[in-house]
Amino acid sequence: MISKANLKRINDFTWEIPKNYRSDMNVPARIYASEKMLDDILKDRSVDQLVNVATLEGVVGHVLVMPDVHEGYGFPIGGVAATLYPEGAISPGGIGYDINCGVRLLLSDLYFEEAKPFMEKLVRELFDRIPSGVGRGGSFRVDKDGFSAILKKGAKWVVEYGYGEENDTINVESHGSLEFADLDGVSQKAKERGINQLGTLGAGNHFVEVDVVDEVFDPRIAKVFGLDEERIVALIHTGSRGFGHQIATDYVREMLEYSVRKGQRLVDRELASCSFSSPEGRNYFGAMGAAANFAWANRQIITHYIRGVWKKVFGDNKKLKLLYDVAHNIAKIETHEVDGRLVRLIVHRKGATRSFGPGSTEVPGNYRTVGQPVIVPGSMGTSSYVLAGAEGSRLTFGSCCHGAGRAMSRQEARREVAFTVLKRELISKGVYFATKSRGGFVEEAPLAYKNVEEVIDVVTGVGIARKVARLRPVGVVKG
Amino acid sequence: MLSGYRRLKHTSDIKILVKGETLENLFSNALQAMAKILVRGRLAGRQCQANIKVNSSEETSLLIDFLSEVLFLSAKRGAVFDKVKFRYLDSCQLSAVVLGYKVDRFDKDIKAVTYHEAQIKRNKKGELETVVIFDL
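The sections below set out a description of the structure shown in this document. (Residues numbered from 1 in each chain as written. Chains lettered and ligands numbered in written order. Predicted model: local features only at pLDDT ≥ 70, side-chain atom pairs only at ≥ 80, totals over all residues. Heavy atoms only, no water.)

1. Some words on the packing of aromatic side chains
Residue and element names in this part refer to chain A.
- As enumerated under the stated definition, the model contains 23 aromatic pairs over all chains in all.
- Relative to Phe294, the ring of Phe147 lies with its centre 6.2 Å away and its plane at 85°, an arrangement referred to as edge-to-face. Remark: Phe294 occurs in helix H10 (residues 279-314) and Phe147 occurs in helix H5 (residues 144-153); sequence separation between them is 147 residues.
- For Phe147, a relative accessible area of 3% translates into the label buried.
- Taking relative accessible area as the criterion, Phe294 reaches 0% and is therefore assigned buried. (Phe/Tyr/Trp six-rings, centres within 6.5 Å; stacked < 30°, edge-to-face > 60°. Helix = DSSP H or I, 4+ residues; strand = E, 2+ residues; numbered from the N terminus. Buried < 20%, exposed > 50% of the residue type's maximum accessible area, 1.4 Å probe, protein only.)

2. A few points about the nonpolar core
- Residues A:Phe243, A:Ile247, A:Ile306, B:Phe27, B:Phe66, B:Leu94 and B:Val98 are the most contacted members of the largest nonpolar core, which totals 129 residues.
- The element that contributes the greatest number of residues to this core is H10(A), accounting for 18 residues.
- Each residue touching B:Leu94, except ones within four places of it in the same chain, is listed here: B:Phe27, B:Ile52, B:Lys53, B:Val54, B:Leu62, B:Phe66, B:Phe86, B:Tyr88 and B:Leu89. (Core = buried A, V, L, I, M, F, W, Y, C linked by side-chain atoms within 4.5 Å. Contact = heavy atoms within 4.5 Å.)

3. Focus: the packing of helix H1 (residues 23-38) of chain B against helix H2 (residues 59-77) of chain B
Residues and elements named next belong to chain B.
- Where H1 meets H2, the axes come as close as 11 Å, and the angle between the chain directions of the two elements is 35°. Crossing of H1 over H2 shows right-handed handedness. Facing H1, whose interface residues are Leu23, Phe27, Ala30, Leu31, Met34 and Leu38, H2 presents Glu59, Leu62, Leu63, Phe66, Leu67, Val70, Leu71 and Ser74.
- Split by residue class, the contact of H1 with H2 holds 12 nonpolar, 1 polar and 1 charged. (Axes fitted to C-alpha atoms, helices over the stretch in contact; angles between N-to-C directions. Left-handed = near helix turned anticlockwise from the far one by under 90°. Nonpolar A, V, L, I, M, F, W, Y, C, P; charged D, E, K, R; others polar.)

4. Observations regarding the sheet that holds strand E1 (residues 8-11) of chain A
Residue and element names in this part refer to chain A.
- Pairing is mixed across the open sheet formed by 7 strands, whose spatial order is E1-E2-E3-E4-E5-E13-E12. A single partner strand is all that each edge strand has here, and the edge strands are E1 and strand E12 (329-338). Here the strands of the sheet are splayed against their neighbours by 40° on average, with no regard to which way each runs.
- Two strands pair when backbone bridges link them, and strand E4 (residues 63-73) and strand E5 (residues 75-84) are joined in this way by 4 bridges, in the antiparallel orientation. (Pairing = 2+ DSSP bridges.)

5. Some thoughts on the interface of chain B and chain A
- Between chain B and chain A, the contact holds 39 residues from the first and 38 residues from the second.
- Around 3,200 Å² of area is buried between chain B and chain A when both sides are counted, 49% of it from carbon and sulfur atoms.
- Our count for the chain B to chain A interface comes out at 9 salt bridges.
- Inspection of the region where chain B meets chain A yields 14 residue pairs in polar contact (both at pLDDT 80 or more).
- If you list the elements that add at least two residues to the side of chain B that touches chain A, you get strand E1 (4-8), strand E3 (47-55), H2 and strand E6 (112-114) of chain B.
- When residues in the side of chain B that touches chain A are grouped by element, the largest group, 9 residues, is from H2(B). (Buried area = accessible area lost by both parts, 1.4 Å probe. Salt bridge = Lys/Arg side-chain N within 4 Å of Asp/Glu carboxyl O. Polar contact = N/O pair within 3.5 Å; in protein donor to acceptor, adjacent residues only side chain to side chain.)

6. Considerations on the side chain of B:Thr60
- One can find B:Thr60 in helix H2.
- Residue classification places B:Thr60 among the buried residues on the basis of a relative accessible area of 1%.
- Beyond its immediate stretch of four places on either side in the chain, B:Thr60 contacts A:Arg269, B:Ala118, B:Gln119 and B:Ile120.

7. Examining the packing of helix H4 (residues 119-129) of chain A against H10(A)
Residue and element names in this part refer to chain A.
- Interaxial distance between H4 and H10 falls to 10 Å at its minimum, and their mutual angle equals 145°. With respect to the hand of their crossing, H4 and H10 are arranged in right-handed fashion. Across the interface between the two elements, Lys121, Leu122, Glu125, Leu126 and Arg129 from H4 touch Tyr305, Ile306, Val309, Trp310, Lys312, Val313 and Phe314 from H10.
- Considered class by class, the residues forming the contact of H4 with H10 number 8 nonpolar, no polar and 4 charged.

8. What to know about the pairing of strand E7 (residues 102-111) of chain A
Residues and elements named next belong to chain A.
- Among the 10 residues in E7, 8 count as buried, and that is most of the element.
- Bridge analysis of E7 against strand E9 (residues 231-238) gives 7 bridges, and the strand direction is antiparallel. Along E9, the bridge assignment pairs Tyr111 with Arg231.
- One ladder, built from 7 bridges, connects E7 with strand E11 (residues 320-327); its direction is antiparallel. Bridge assignment links Ser108 to a residue of E11, and that residue is Leu320.

9. Concerning the sheet that holds E3(B)
All names here are of chain B.
- The strand order across the open sheet formed by 3 strands is E3-E5-E4, and the pairing between neighbours is antiparallel. In the strand order of this sheet, the two ends are held by E3 and strand E4 (79-89), each with one partner. Strand-to-strand twist of the sheet, defined as the mean angle between neighbouring strand axes without regard to direction, takes the value 25°.
- Alignment of E4 against strand E5 (residues 93-102), held across 9 bridges, turns out to be antiparallel. Looking at the pairing, Tyr88 lines up with Ser95 of E5.
- Strands in contact with H2 are E3, E4 and E5; relative to E3, the strand with the most contacts, it is inclined by about 145°.

10. Quick notes on helix H14 (residues 452-462) of chain A
Residue and element names in this part refer to chain A.
- Listed as buried for H14 are Val452, Val455, Ile456, Val458, Val459 and Val462. With its buried residues spanning 160° around the axis, H14 presents them on a single face.
- One or two steps after H14, the chain reaches Gly463, where phi turns positive at roughly 95°. (Arc of directions from axis to C-beta.)

11. A few points about the layout of surface pockets
- Empty space within the largest pocket amounts to approximately 580 Å³.
- In this structure, the largest pocket is lined by 24 residues; those nearest its centre are A:Asp40, A:Lys43, A:Asp44, A:Ala407 and B:Thr11.
- For the lining of the largest pocket, the elements supplying multiple residues, two or more each, are helix H1 (35-41) and E4 of chain A.
- A total of 4 residues in the lining of the largest pocket trace back to one element, the largest contributor, which is H1(A).
- Of the residues contributing to the lining of the largest pocket, the split by class is 5 nonpolar, 6 polar and 13 charged. (1 Å grid on protein atoms, 1.4 Å probe; cavity = no way out; pocket = protein on both sides within 12 Å on 5 of 7 lines; lining within 4 Å. Points joined across faces, edges and corners; volume = space filled by probe spheres on them.)

The structure is reproduced here in structure tokens:
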């Protein structure tokens, strides 16, 4: 296990493990955290996993973890690594099993005072309308051709199909559609596992949440985003469901076989990788694109369901518009500066969100002067944050944290938290909730997560992002 | 303990240590552990079964690939499989029938069975054992 003695302090929030820490490291590894957080981070194996990531073929600059880091498999959760395009490695373990798990924020034209009397009804209606829970299929049905079209076009197809508004694909990372998605590398198993799960939330840490803008920190950027205090917003957190899980399973296995064929020595089998430009690498990237499109389609269909409930509860003239949608488990081909030169890279983000700053052409035009919205959900019952991508993200290949980060195991949470106590606590905070599983609900208790405020202090302290607004939950729907 | 499994601590996912006197016991116990994660209570009701064939490069990968295949079948059929009868099983391939029950719902959403930390080895008591981590 790595200890603090192995780390070099770069500044209050940046720590580095030098390349010579282990002979197989190709680049140094960086941890973005306060000293207080670092003590906890070093208790699990996440930093050892980060060192393993530094052995990837063609990795450049440094590998890094965000302050919400915790132990994963292969990559730690909160990990970012960039490899040279096109010959560098691509590793499915660097994206994870829930491809394009991500967060979408919807902006309402309601303020809390007006909405408050309807919150209990709203939560109940959302719970009834949005299929959630383990392995639960949805009511959204398409034939095989329609499904293939969704995998190729993502949210764009769903909006054209009538499940969205014209502007819905503007304020989405990659406009909710990766053009490189390719179905040739998608298994029949993945299709069978996914076709009935469109428009479903799933379980675990996935949720739909209704929040109030609690405090605005940067009025100029908040105005551009459309956020002001007491405004009601809705958050969606879900991903590519069984479709993405199966694609990841298929390709981790395929890349393991590739490693065996090539006689590669793997430090961790979940880090199996191949050259991006190999047939296996291209196939995975195309299939990953299809899973990312599935996830954007999924969040779009759920958006449509939420809008339906919104009208039912608040009336036909009450609208929800899309503020932004970010992926936090994905690989992207992007251009970043390495050693003073602009280089095309394969950026792996596993539990990390893009944080592109002002001027980036990949940020929608309406946000380009201030940087992209970075949506950071906290734990249930605590605050979430809206940040704006900033110039400091050049240090992190344009990446930021993706949440509070888990700190306690599910078993421990079940032992430590009683459902009735958590229920009382949420009610006392004015949070209405509905869930399919009491056990699953307590596993997601705030106690099981890091303090989101500390995570935000780090990423804003480093300059990766700017703090724009804090959100306070008033309604939670979980599977 | 001559066979069986137990939960180990893991921050976000489910980690088990599974043991067995033989490779067949080990695979069978790992299957039971996965079934218990998917549905905590006693399985009952409509029975179902499925044939399964898996080829892998070595025995640890074979175990993980076997569990992944069963997980896929669980998702596809809405069923939990907790028993297995092997036609043959060696370190690189298996053919078997898995048996279980149709279920209305799962208690846990296992996204995937991971290779992380998995390594079948003999312990001091001479049993086969390995860690298996299920991604939730």
